[in-house]
Amino acid sequence: ISVGDRLAHGGLAMVEGNLAAAADALRDGTGLLLSDNLAFRLGRHRGDRLTLPTPVGDRTYRVEGTFVDYLGSLDRGSVAVSTDHLGAVWDDHAANLLRVGARPDAVPSQVRSAVLKRLGPGYYAVTSGEFVAAVRSALDRLFLATWGLVVVAMVISVIGVVNAQLATVIDRGPDISMLRAIGVSRGDLTRAVILECGLLGALGALLGLALGSMLSGQFVVVSMRLLTGWRLPFVLPILPLLGAAALATLVSSLAGWLPARVAGRLQTRQLSPD
């Protein structure tokens, strides 16, 4: 990395240490930085020593800090030294990743054209927005199949609520007849059954949110960390989750309409003079 340019444009997203404090060691060629995922896999922290093979023999460096880098290191991780040290020891003066800063009033398409014209063939340029959109698109394709599972789960849940409430209504036939006998209206019975189904849906939604939050937290914080070494932030989207709970309650309430109708008809037959 170009230490001076990095410091002039916001530094790095550091996990341990900071780039300003590590700058002198990077320039002197005595220190290096590790991407967070590689540091996790190697079990290294700031202040530890790391030996690297170089064209002039093995050299030991002090780890001056760790940083987060999803683009440059991917899942393998990376070791960052200064560009001057890379050229002096590895005889490598090329750059394979350039981060271009644009003015607030710049047009991204024009900046892209100017960059590609300056660099020549063999390069491509993407904006940060395009990169994020590509990642989101990949994630959307990855989870596309899960929407099918959601639909199947909803259908099974509706069938389960209907069957369970039908069985309950039939089993409580004498109780329903007694309630009608003491003056409970058919509308009250219908609303009671629908309300009971809605409460079942709400309870199921709350239990599902609790279990889903634990499983997703375990996947993002623990499993992804073990698989890739990346330290991913875990955020629960409260509004979508509340919307999902409300939808589950509504669907369950609608599923109670058929058992409620059966309850009304059942009590009528039970109170019939025949």
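Describing the nonpolar core
Next, step 1: Core analysis: the biggest nonpolar cluster contains 10 residues, these being V161, V162, V169, I176, L189, V193, C197, A255, A260 and A263.
Next, step 2: Elements that contribute at least two residues to this core include exactly α7 (144-171), α9 (186-228) and α11 (257-271).

Details of the pattern of salt bridges
Next, step 1: Applying the stated criterion across every chain, the model contains seven salt bridges.
Next, step 2: Note that D105 and R103 form a salt bridge whose closest N and O atoms lie 3.4 Å from each other. For the residue pair D105 and R103, the accessibility class agrees, reading exposed in each case.
Next, step 3: Notably, a salt bridge pairs D188 with R191, separated by 2.5 Å at the nearest N-O pair. Pair noted here: D188 and R191 are both in helix α9, with a separation of three residues, about one helical turn.
Next, step 4: Here the salt bridges share partners, and the residues they tie into one network are D36, R225 and R231.

Description of the pairing of strand β3 (residues 49-52)
Next, step 1: Going residue by residue along β3, you find L50 and L52 tucked away on one face and R49 and T51 left uncovered on the opposite face.
Next, step 2: Inspection of the sheet shows β3 paired to strand β4 (residues 59-67) by four bridges, in the antiparallel sense. The residue of β4 that forms the bridge with L52 is R59.
Next, step 3: Between β3 and β4, which follow one another and run antiparallel, lie six residues, and G57 among them has a positive phi close to 105°.

Remarks on the confidence of the model for the protein chain
Next, step 1: Looking at the protein chain as a whole, the pLDDT averages 85, with 95% of positions reaching at least 70.
Next, step 2: With pLDDT under 50 throughout, residues 267-274 is counted as low confidence; its partners more than four residues away or in other chains account for 12 contacts.

Some words on a nonpolar patch on the surface
Next, step 1: A contiguous nonpolar patch, built from L71, L97, Y124, V126, F131, V132, V135, L139, L142 and F143 and spanning about 950 Å² of accessible area, is present on the exposed surface.
Next, step 2: Note on placement: L71 falls in the loop between β4 and β5 (79-80).
Next, step 3: For L71, a relative accessible area of 37% puts it in the partly exposed group.

Regarding helix α4 (residues 83-90)
Next, step 1: Along α4, the residues that are buried comprise H85, G87 and V89.
Next, step 2: Against the buried residues of α4 lie α2 (19-28) and β4.
Next, step 3: Of the residues flanking the end of α4, it is D91, one or two places downstream, whose phi is positive at about 55°.

Observations regarding the packing of α7 against α9
Between two packed helices, both the angle of their axes relative to each other and the distance between the axes serve to describe the pair.
Next, step 1: Axis separation between α7 and α9 bottoms out at 11 Å; the angle between their running directions is 135°. Judged by the inter-axis angle, α7 sits oblique to α9. For the crossing formed where α7 meets α9, the hand is right-handed. Where α7 approaches α9, its residues V161, Q165 and V169 are matched on the opposing element by V193, E196, C197 and L200.
Next, step 2: The residue makeup of the contact of α7 with α9, split by class, is five nonpolar, one polar and one charged.

The rules behind these values
Residues numbered from 1 in each chain as written. Predicted model: local features only at pLDDT ≥ 70, side-chain atom pairs only at ≥ 80, totals over all residues. Heavy atoms only, no water. Core = buried A, V, L, I, M, F, W, Y, C linked by side-chain atoms within 4.5 Å. Buried < 20%, exposed > 50% of the residue type's maximum accessible area, 1.4 Å probe, protein only. Helix = DSSP H or I, 4+ residues; strand = E, 2+ residues; numbered from the N terminus. Salt bridge = Lys/Arg side-chain N within 4 Å of Asp/Glu carboxyl O. Pairing = 2+ DSSP bridges. pLDDT = per-residue confidence, 0-100. Contact = heavy atoms within 4.5 Å. Patch = residues over 30% accessible without salt bridge, like charges linked within 9 Å, V, L, I, M, F, W, Y side chains within 5 Å. Areas by Shrake-Rupley, 256 points an atom, 1.4 Å probe, with all protein chains shown as cover. Axes fitted to C-alpha atoms, helices over the stretch in contact; angles between N-to-C directions. Parallel < 35°, antiparallel > 145°, perpendicular 65-115°, else oblique. Left-handed = near helix turned anticlockwise from the far one by under 90°. Nonpolar A, V, L, I, M, F, W, Y, C, P; charged D, E, K, R; others polar.

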